[in-house]
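Take a look at the letters that make up each chain.
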Amino acid sequence: MLYSRLSRRLRALNLKSFSSYYKLLQNDGGEELIHFVNAVTTNLTAFFREPHHFELLEQVILPKLMEKQMATQRLRIWSAGCASGEEPYSIAMVVKEVVPSHWDVKILATDLDSSVLARGIQGIYEEERVSGILPIRLRRWFRKGTGNQLGRVQIVPELQALITFKHLNLMHGWPMRGPFDIIFCRNVVIYFDKATQKVLFERFANILSDEGYLLIGHSENLFQLSTRFQLLRQTVYVKGG
Ligand SMILES: C[S@@+](CC[C@H](N)C(=O)[O-])C[C@H]1O[C@@H](n2cnc3c(N)ncnc32)[C@H](O)[C@@H]1O
């Protein structure tokens, strides 16, 4: 996988060997490093991927948090490893449908890969990527493209306004103070070794509010990695207990 992804980069740069690419990475002042990172990350995602998470968000997580946060009427959600934006936009649709409009809700969406992040900021998707979304949601949250945007859809500004996209490497320092009420970090840690996952889950626990929620991907779990969470449902955890 790494070979084929980097070979594409070598061809684009007209380089003949991996060692010449390695030299370029060391010597060009960091510019190629951005392309390198963008080439090797796996960005597979979809709207309402792992639908049980969004059902739980609608029926359990948001109602519980609204009860808990009634005094402040404030919710903070983080989509960590948001890829091209389908995950934070799916969260935003459910939030808009469930939480009263006067509540102060913000969604932070971060990723290491700047090219997918740019697509998320744009909020324009091929029509086939939204074919599985309920018609009622499609009508409310998307506009059909015309002219040179035919065959594409655009997220409505009201939904985009809820989300801030930021470039962030989860391995580095985090500029935000938190606390977050919900963190989605799905299908990201599968690429990290266990020691790295352990540190990351500890940091997630520290930046989550008490009884905040952590949602991870279908092939991930916290077994022997963190004691700070309790399992609520399949791949959905609550901080503390
Ligand atoms: C497979 S996608 C998952 C997208 C989405 N969360 C989902 O489940 O549909 C994994 C994303 O994690 C990002 N990623 C990988 N390592 C990262 C890191 N160290 N910091 C931030 N993002 C990272 C990748 O760039 C990629 O967009």
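Residues numbered from 1 in each chain as written. Predicted model: local features only at pLDDT ≥ 70, side-chain atom pairs only at ≥ 80, totals over all residues. Heavy atoms only, no water.

The name an unreviewed UniProt entry assigns to the protein chain is protein-glutamate O-methyltransferase, from the organism Thioploca ingrica. Among the UniProt annotations of the protein chain, the heading Catalytic activity (unreviewed entry) holds the following wording: "L-glutamyl-[protein] + S-adenosyl-L-methionine = [protein]-L-glutamate 5-O-methyl ester + S-adenosyl-L-homocysteine". (UniProt positions renumbered as here; feature names shortened; annotations may be inferred.)

A. How the structure looks around the domain arrangement of the protein chain. By domain assignment, the protein chain separates into domain 1 (2–40) and domain 2 (51–239). For domain 1 versus domain 2, the distance between C-alpha centres works out to 31 Å. (Domains from an automatic or database assignment.)

B. Quick look at the nonpolar core. Counting residues in each nonpolar core, the largest one holds 42 residues, and the members touching the most others are Phe-47, Leu-57, Ile-61, Tyr-89, Phe-142 and Ile-182. Broken down by element, the residue count for this core peaks at seven residues, all from helix α4 (residues 51–68). With near-sequence residues (within four places) excluded, Phe-142 lies in contact with Phe-47, Met-93, Val-130, Ile-133, Arg-137, Val-153, Gln-154, Ile-155 and Val-156. (Core = buried A, V, L, I, M, F, W, Y, C linked by side-chain atoms within 4.5 Å. Buried < 20%, exposed > 50% of the residue type's maximum accessible area, 1.4 Å probe, protein only. Helix = DSSP H or I, 4+ residues; strand = E, 2+ residues; numbered from the N terminus. Contact = heavy atoms within 4.5 Å.)

C. Structural detail: the site of the ligand. Close to the ligand lie 19 residues; Thr-45, Gly-81, Asp-111, Leu-170 and Asn-187 are nearest. Contact distances for the ligand include 2.6 Å between an oxygen atom and a side-chain N or O atom of Asp-111. Relative to its unbound accessible surface of 600 Å², the ligand loses 96% to contact with the protein. More than half of the atoms belonging to the ligand lie within 2 Å of the grid points that define the largest pocket. (Near = heavy atom within 4 Å. Polar contact = N/O pair within 3.5 Å; in protein donor to acceptor, adjacent residues only side chain to side chain. Areas by Shrake-Rupley, 256 points an atom, 1.4 Å probe, with all protein chains shown as cover. 1 Å grid on protein atoms, 1.4 Å probe; cavity = no way out; pocket = protein on both sides within 12 Å on 5 of 7 lines; lining within 4 Å. Sits in = over half its atoms within 2 Å of the grid points.)

D. Local environment of the side chain of His-53. Mapping His-53 onto the fold places it in helix α4. Every residue in contact with His-53, bar those within four places of it in the chain, is listed here: Arg-186, Leu-215, Ile-216, Gln-234, Thr-235 and Val-236.

E. Main features of the packing of helix α1 (residues 2–13) against helix α3 (residues 31–40). The interhelical angle for the contact between α1 and α3, taken along N-to-C directions, is 140°, at an axis separation of 9 Å. Of the possible angle classes, the one that applies to α1 and α3 is oblique. Considering the relative orientation of α1 and α3, their crossing is right-handed. Contacts between α1 and α3 involve Leu-2, Arg-5, Leu-6, Arg-9 and Leu-13 on the former and, on the latter, Glu-32, His-35, Phe-36, Ala-39 and Val-40. Across the contact of α1 with α3, the residue classes break down as six nonpolar, one polar and three charged. (Axes fitted to C-alpha atoms, helices over the stretch in contact; angles between N-to-C directions. Parallel < 35°, antiparallel > 145°, perpendicular 65-115°, else oblique. Left-handed = near helix turned anticlockwise from the far one by under 90°. Nonpolar A, V, L, I, M, F, W, Y, C, P; charged D, E, K, R; others polar.)

F. Quick look at the UniProt feature "binding site: S-adenosyl-L-methionine" (unreviewed entry) in the protein chain. Per the UniProt record, "binding site: S-adenosyl-L-methionine" (unreviewed entry) is annotated on Asn-43, Thr-45, Arg-49, Glu-87, Asp-111, Asn-169, Leu-170, Arg-186 and Asn-187. Those annotated residues lining the largest pocket are, specifically, Asn-43, Thr-45, Arg-49, Glu-87, Asp-111, Asn-169, Leu-170, Arg-186 and Asn-187. When you line up the elements, Asp-111 lands in strand β2 (residues 104–111). For Asp-111, a relative accessible area of 8% corresponds to the buried category. Among residues more than four places away in sequence, those in contact with Asp-111 are Gly-81, Cys-82, Ala-83, Val-116, Leu-117, Lys-166, His-167 and Leu-168.

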